[in-house]
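Commentary on secondary and tertiary structure
Each chain, written out:
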Amino acid sequence: MNNIVAIVGRPNVGKSTFFNRLIKRRDAIVDSVSGVTRDRNYGKSEWNGKEFSVIDTGGYIKGSDDIFEGEIRKQVELAIDEADAILFMVDVEEGITPMDEEVAKLLRKVTKPVILVVNKVDSAKRTNDALEFYNLGLGEYFAIGGMNGSGTGDLLDKLVEVL
Ligand code: GDP
Ligand code: MG
């Protein structure tokens, strides 16, 4: 498979919401594959005539209280191996968390394209709040609202450009 995009990030940042928005043909989703891929959803998407596959990671990692840090790390490492580009999603509502910093540390070493996506940017105030994510040391970010779709066009333009 070519043009594989993985969405990584801690639980509850909005990965699955955005994934579902990307996947127009929902019947293309292959879920619950056994083994290491059991908690990953795969789907196909397309933007500006370019097709790509999307992996939504961390499906069975629930909540933010009982997070198993090793699981997240494993998901990120798998994504780094498997994907051609990585979308690292964070949540402006929560701001930078220690787990975001852990993931950023792993991703700063990656030579594949990594795009920082600040999600839940649904208001002017949040647009301003998003600025703190420069502190993750990953450079420019894309501010989106995965739920209402705001900002996703610019993000997808960038994504297909780096694929
Ligand atoms: P995941 O654990 O990263 O896959 O996150 P989910 O997609 O399951 O979303 C977690 C929560 O964030 C849900 O309650 C969503 O409705 C909410 N959410 C997702 N995207 C947005 C957004 O763009 N804006 C706001 N305000 N909430 C969102
Ligand atoms: Mg999810």
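For the structure itself, look to the data block above.
Nothing here was measured: the structure is a model prediction, and the numbers come from that model. (Residues numbered from 1 in each chain as written. Chains lettered and ligands numbered in written order. Predicted model: local features only at pLDDT ≥ 70, side-chain atom pairs only at ≥ 80, totals over all residues.)

1. Examining the sheet that holds strand β4 (residues 85–91)
Backbone-to-backbone hydrogen bonds pair the strands of a sheet. The strands run either parallel or antiparallel. Within the open sheet, the six strands sit side by side as β2-β3-β1-β4-β5-β6. Their pairing is mixed. Looking at strand neighbours, the two that pair on one side only are β2 (41–47) and β6 (141–143), the edges of this open sheet. Across this sheet, the average inter-strand angle for adjacent strands is 30 degrees, counted without regard to direction. When strand β5 (residues 114–119) meets β6, the two strands line up parallel, connected through three bridges. Residue pairing for β6: Val-118 is matched across the bridge by Ala-143. On the sheet, helix α1 (residues 15–22) packs against β1 (4–8), β2, β3 (50–56), β4 and β5 and is oriented at approximately 150 degrees with respect to β3. (Pairing = 2+ DSSP bridges. Helix = DSSP H or I, 4+ residues; strand = E, 2+ residues; numbered from the N terminus. Axes fitted to C-alpha atoms, helices over the stretch in contact; angles between N-to-C directions. Contact = placed C-beta atoms within 7 Å.)

2. Thoughts on the environment of Ala-79
Residue position: Ala-79 is located in helix α2 (residues 69–82). Sequence separation of Ala-79 and Thr-57 is 22 residues, and the distance between their C-alpha atoms is 8.2 Å. The residues contacting Ala-79, other than those within four sequence positions of it, are Ala-6, Val-8, Ile-55, Thr-57 and Ile-86.

3. Observations concerning the environment of Asp-84
One can find Asp-84 in the loop between α2 and β4. The partly exposed category is assigned to Asp-84, around which 16 C-beta atoms lie within 10 Å. Sequence separation between Asp-84 and Lys-112 is 28 residues; the distance between their C-alpha atoms is 6.4 Å. Setting aside residues up to four positions removed in sequence, Asp-84 forms contacts with Asn-3, Ile-4, Lys-112 and Leu-163. (Buried ≥ 20, exposed ≤ 12 C-beta atoms within 10 Å, placed from the backbone.)

4. Side note on unusual backbone geometry
One non-glycine residue, Asn-12, lies in the positive phi region at around 80 degrees. You can see Asn-12 is positioned in the loop between β1 and α1. Of the residues examined, Asn-12 has 16 C-beta atoms within 10 Å and is grouped as partly exposed. In this structure, Lys-120 takes a positive phi of about 70 degrees despite not being glycine. The residue Lys-120 is located in the loop between β5 and α4 (124–129) in this model. Lys-120 sits in the buried class, given 22 other C-beta atoms within 10 Å.

5. Re the site of ligand 1
Around ligand 1 lies a shell of 14 residues, among which Gly-14, Lys-15, Ser-16, Thr-17 and Met-147 are the nearest. Of the residues forming the shell around ligand 1, the biggest block, three residues, is contributed by α1. Grouping the constituent residues of the shell around ligand 1 by class yields three nonpolar, eight polar and three charged. (Near = placed C-beta within 6 Å. Nonpolar A, V, L, I, M, F, W, Y, C, P; charged D, E, K, R; others polar.)

6. Overview of the nonpolar core
Burial of nonpolar side chains together is a common tendency in soluble globular proteins. Formed by 38 residues in total, the largest nonpolar core has its most connected members in Ile-7, Ile-86, Phe-88, Val-117 and Val-118. The element contributing the most residues to this core is β4, with six residues. Ignoring sequence-local partners within four residues, the contact set of Val-118 consists of Val-90, Val-92, Ala-130, Phe-133, Tyr-141 and Ala-143. (Core = buried A, V, L, I, M, F, W, Y, C linked by C-beta atoms within 7 Å.)

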